[in-house]
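# Structural overview
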Amino acid sequence: MANACGPTSDGRRPSRSPWVTGHVESAVGQVPQVDTTLRFADRLGAWKARWAIGRMRYSVPPGLYAVGRPGRESPVLVTANYKMTFDRVRSQLAAVDAWLLVLDTHGINVWCAAGKGTFGTDELVRRVAATRLQQLVAHRRLILPQLAAPGVAAHEVLRRCGFRVIYGPVRAEDIPRFLEADMQATPDMRRVRFPLRDRLAVAPVELVMAMKYILLMAICFFLLSGLGADGYSWQRAIAIGLPCAAVAAAVSFGSILLTPVLLPWLPGRMFAVKGFWLGVAMLGIVGVWSNVRQMPVRSWVAVASWCVLIPTLASFMAMNYTGSTPYTSLSGVRVEVRRAVPVQVIGAVIGVALWLTGRFV
Amino acid sequence: MDRFRYLPGVVTLQIDVRRCDGCRMCVIVCPHAVFCMQDKKARILDADACMECGACAKNCPSGAITVRSGVGCATAMLIETLHRGSCCGG
Ligand code: SF4
Ligand code: SF4
């Protein structure tokens with residue numbers, strides 16, 4: 001029978017999880033002890049989750065875990081049950097004795113779950129009661145990741161279950177230093193950063209998700225290239241359509257990868273503007289490439305169409321990156337969408353019209 | 001985050017300093033250091049850095065802070081607009 005306090009409550013046996021190394025005796029019974037080193041399977045799983053391979057939710061059973069040999073005075077760290085988050089936290093705790101309280105965030109990371117409210121006051125209070133934390137520890141403190149704050153009202157948690165919420169650092173790597181410093185976070189630990197690694201974190205999933213639209217667009221370019229004043233020609237579709245399809249796909253992939261990489265250096269505040277300039281740069285590359293390859297330039301109309309299409313496409317793709325950054329406000333994105341989308345629509349209409357005209361002149 | 005600044009003058013963040021009891025929670029939870037303490041009251045130091053996550057308002061025990069919070073995601077906004085058939089903005 002599943003132990004009500006443990007992570008067994010959803011029916012899965014944690015002892016079968018490869019990252020459980022044993023058990024720790026406590027006032028509320030046996031608590032599974034987790035490994036603080038990541039194994040190949042953990043890294044492979046993270047990689048698969050990044051590339052959206054497999055439909056399974058990448059999560060761990062919520063509940064109580066032990067890190068090291070915690071006792072009644074040991075700190076309680078609260079985190080989400082997204083496996084990658086869980087892994088990141090436990091892998092930082094090699095030298096720490098602590099309790100780990102994993103909330104059921106439906107396999108979503110702390111930041112997104114807090115925004116949705118699943119990493120929230122209700123779930124926290126519920127989980128504290130279900131794990132009998134009052135009996136487990138002598139103190140009344142919970143350490144939460146700072147990025148959980150949009151979902152948790154600290155004063156309500158205190159009122160409802162008697163535990164004081166202490167917001168720890170933004171990043172898991174700072175937890176040991178935070179604990180050593182008597183649970184004081186430096187201003188630096190409280191600021192989000194957006195390094196290249198984080199900027200690129202969503203790129204694989206974006207690529208996978210955009211794939212079918214990009215493919216569709218490439219097919220359209222290919223098929224429509226067969227059109228001409230003399231009727232339809234498959235030879236033309238292959239000779240002209242394939243390079244056109246390749247350019248459209250390359251610009252799309254290029255935007256998904258280069259927008260995050262070059263984000264701090266692309267000019268403009270609006271992502272649509274950043275994307276536009278990235279598009280201008282890619283247009284230059286396409287120009288050089290078609291010169292080197294001696295692509296047949298059929299008419300100035302065809303050239304003009306690409307001058308409009310590439311920056312427009314890149315601008316649109318970059319705008320969709322707003323949802324993946326930790327600094328774009330809802331109000332700001334509303335303003336951006338309202339200003340940029342009409343321009344992008346006009347650009348797309350003019351670009352496509354020019355390109356189609358180019359088939360016939 | 002100084003290299004990352006979004007559009008200026010658009011955020012909905014507001015503080016009613018009269019209701020503030022100086023608990024510092026907003027200073028602690030804000031990931032963009034938008035607040036500072038001045039004469040035992042919280043002040044907005046850098047409103048344009050705010051990403052409207054809502055952490056400060058949620059954790060202010062005296063209800064001194066208001067902000068329209070949500071995820072700033074153009075894709076979600078476009079999808080929603082297409083489904084509703086009306087313009088976002090609202
Ligand atoms: S959280 Fe509210 S009461 Fe506390 S310092 Fe900030 S504004 Fe004042
Ligand atoms: S909404 Fe978020 S980013 Fe804005 S001031 Fe409050 S905590 Fe800081």
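What counts as what
Residues numbered from 1 in each chain as written. Chains lettered and ligands numbered in written order. Predicted model: local features only at pLDDT ≥ 70, side-chain atom pairs only at ≥ 80, totals over all residues. Heavy atoms only, no water. Near = heavy atom within 4 Å. 1 Å grid on protein atoms, 1.4 Å probe; cavity = no way out; pocket = protein on both sides within 12 Å on 5 of 7 lines; lining within 4 Å. Sits in = over half its atoms within 2 Å of the grid points. Nonpolar A, V, L, I, M, F, W, Y, C, P; charged D, E, K, R; others polar. Points joined across faces, edges and corners; volume = space filled by probe spheres on them. Helix = DSSP H or I, 4+ residues; strand = E, 2+ residues; numbered from the N terminus. Domains from an automatic or database assignment. Buried area = accessible area lost by both parts, 1.4 Å probe. Salt bridge = Lys/Arg side-chain N within 4 Å of Asp/Glu carboxyl O. Buried < 20%, exposed > 50% of the residue type's maximum accessible area, 1.4 Å probe, protein only. Pairing = 2+ DSSP bridges. Core = buried A, V, L, I, M, F, W, Y, C linked by side-chain atoms within 4.5 Å. Contact = heavy atoms within 4.5 Å. pLDDT = per-residue confidence, 0-100. Polar contact = N/O pair within 3.5 Å; in protein donor to acceptor, adjacent residues only side chain to side chain.

### With respect to the site of ligand 1
Residues and elements named next belong to chain B. Taken together, Ile15, Cys20, Asp21, Gly22, Cys23, Arg24, Met25, Cys26, Ala42, Cys60, Ser62 and Ile65 make up the full set of residues near ligand 1. Structurally, ligand 1 is housed in the second largest cavity. Of the residues belonging to the shell around ligand 1, the class tally is eight nonpolar, two polar and two charged.

### Examining the layout of surface pockets
When its volume is computed, the second largest pocket comes out at roughly 540 Å³. Forming the boundary of the second largest pocket are 22 residues, of which A:Tyr167, A:Arg190, B:Arg24, B:Met25 and B:Ile28 lie nearest the centre. Elements supplying a minimum of two residues to the lining of the second largest pocket: helix H6 (154–161), strand E7 (164–167) and helix H8 (187–190) of chain A together with helix H1 (25–29) of chain B. No other element matches E7(A), which puts four residues into the lining of the second largest pocket. Along the lines of polarity and charge, the residues of the lining of the second largest pocket split into 15 nonpolar, two polar and five charged.

### Structural notes on the site of ligand 2
All names here are of chain B. Near ligand 2 you find Leu13, Cys30, Val34, Phe35, Cys50, Met51, Glu52, Cys53, Gly54, Ala55 and Cys56, and these make up its full shell. Judged by its atoms lying within 2 Å of the grid points, ligand 2 is housed in the largest cavity. Taken together, the residues that form the shell around ligand 2 break down as nine nonpolar, one polar and one charged.

### A few points about the domain arrangement of chain A
Residues and elements named next belong to chain A. Assigned domains of chain A: these are domain 1 (14–190) and domain 2 (196–358). The straight-line distance from the C-alpha centre of domain 1 to that of domain 2 is 42 Å. Counting each side, the surface lost to burial between domain 1 and domain 2 is near 480 Å², with a carbon and sulfur contribution of 68%. Considering only the side of domain 1, the residues that lose the most area to domain 2 are Arg50, Trp51 and Ala52, jointly responsible for 82% of the buried surface there. At the junction of domain 1 with domain 2, the criterion picks out zero salt bridges. Looking at the side of domain 1 that touches domain 2, its residues break down into three nonpolar, no polar and two charged.

### A word on the pairing of strand E3 (residues 63–67) of chain A
Residues and elements named next belong to chain A. Where burial is concerned, most of E3 is hidden: five out of the five residues are buried. With five bridges connecting them, E3 and strand E5 (residues 98–103) associate as antiparallel partners. Each residue of the ladder has a partner; that of Val67, found in E5, is Ala98.

### Focus: the nonpolar core
Residues and elements named next belong to chain A. Membership of the largest hydrophobic core comes to 77 residues, with the highest contact counts inside it found for Phe119, Leu124, Leu142 and Leu144. Counting the residues that make up this core, at least three belong to each of domain 1 (14–190) and domain 2 (196–358). Sequence-distant contacts of Leu144, that is, excluding residues within four places in its chain, are made with Val78, Phe119, Leu124, Val152, Val165, Ile166, Tyr167 and Gly168. Ranked by size, the runner-up nonpolar core spans 27 residues in total, among them Ala210, Ala218, Phe221 and Ile256.

### Some remarks on empty space enclosed by the protein
One water molecule sets the probe size; rolling that probe over the atoms shows where empty space is left. Residues and elements named next belong to chain B. Enumeration according to the criterion identifies three cavities of 30 Å³ or more in this entry. As for the largest cavity, its lining consists of 13 residues, and the residues nearest its centre are Cys30, Val34, Cys50, Cys53 and Cys56. Partitioned by chemical class, the residues of the lining of the largest cavity number 10 nonpolar, two polar and one charged. Taken as a whole, the second largest cavity encloses approximately 70 Å³ of empty space. Around the second largest cavity sit 13 residues that line it, and Cys20, Gly22, Cys23, Cys26 and Cys60 are the ones nearest its centre. Considering only residue class, the lining of the second largest cavity consists of nine nonpolar, two polar and two charged.

### A word on the side chain of A:Gln146
As for its position among the elements, A:Gln146 is in the loop between strand E6 (141–144) and H6. Sequence-distant contacts of A:Gln146, defined by excluding residues within four places in its chain, comprise A:Tyr167, A:Gly168, A:Pro169, A:Val170, A:Met189, A:Arg190, B:Ile28, B:Val29, B:Cys30 and B:Pro31.

### Here we look at the confidence of the model for chain B
Residue and element names in this part refer to chain B. Summarising the model, chain B shows a mean pLDDT of 89, and 90% of its residues fall at 70 or more. Taken together, the stretch residues 85–90 has pLDDT below 50 and engages in eight contacts with residues farther than four places along the chain or on a different chain. Across the interfaces of the predicted complex, the ipTM metric reaches 0.89, alongside a pTM of 0.88.

### Things to note about the interface of chain A and chain B
Opposite the 43 residues of chain A that make contact, chain B presents 41 residues. Both sides of the chain A and chain B interface together cover about 3,700 Å² of buried area, and 65% of this is carbon and sulfur. It is A:Arg269, A:Tyr327 and A:Leu330 that lose the most area in chain A upon contact with chain B, and together they represent 19% of the buried surface on that side. Scanning the region where chain A abuts chain B turns up zero salt bridges. Across the chain A-chain B interface, the total number found is 17 residue pairs in polar contact (both at pLDDT 80 or more). If you list the elements that add at least two residues to the side of chain A that touches chain B, you get H6, helix H13 (300–319) and helix H14 (330–360) of chain A. The leading source of residues in the side of chain A that touches chain B is H14(A), at 10 residues. Residues of the side of chain A that touches chain B, tallied by class, amount to 24 nonpolar, 11 polar and eight charged.

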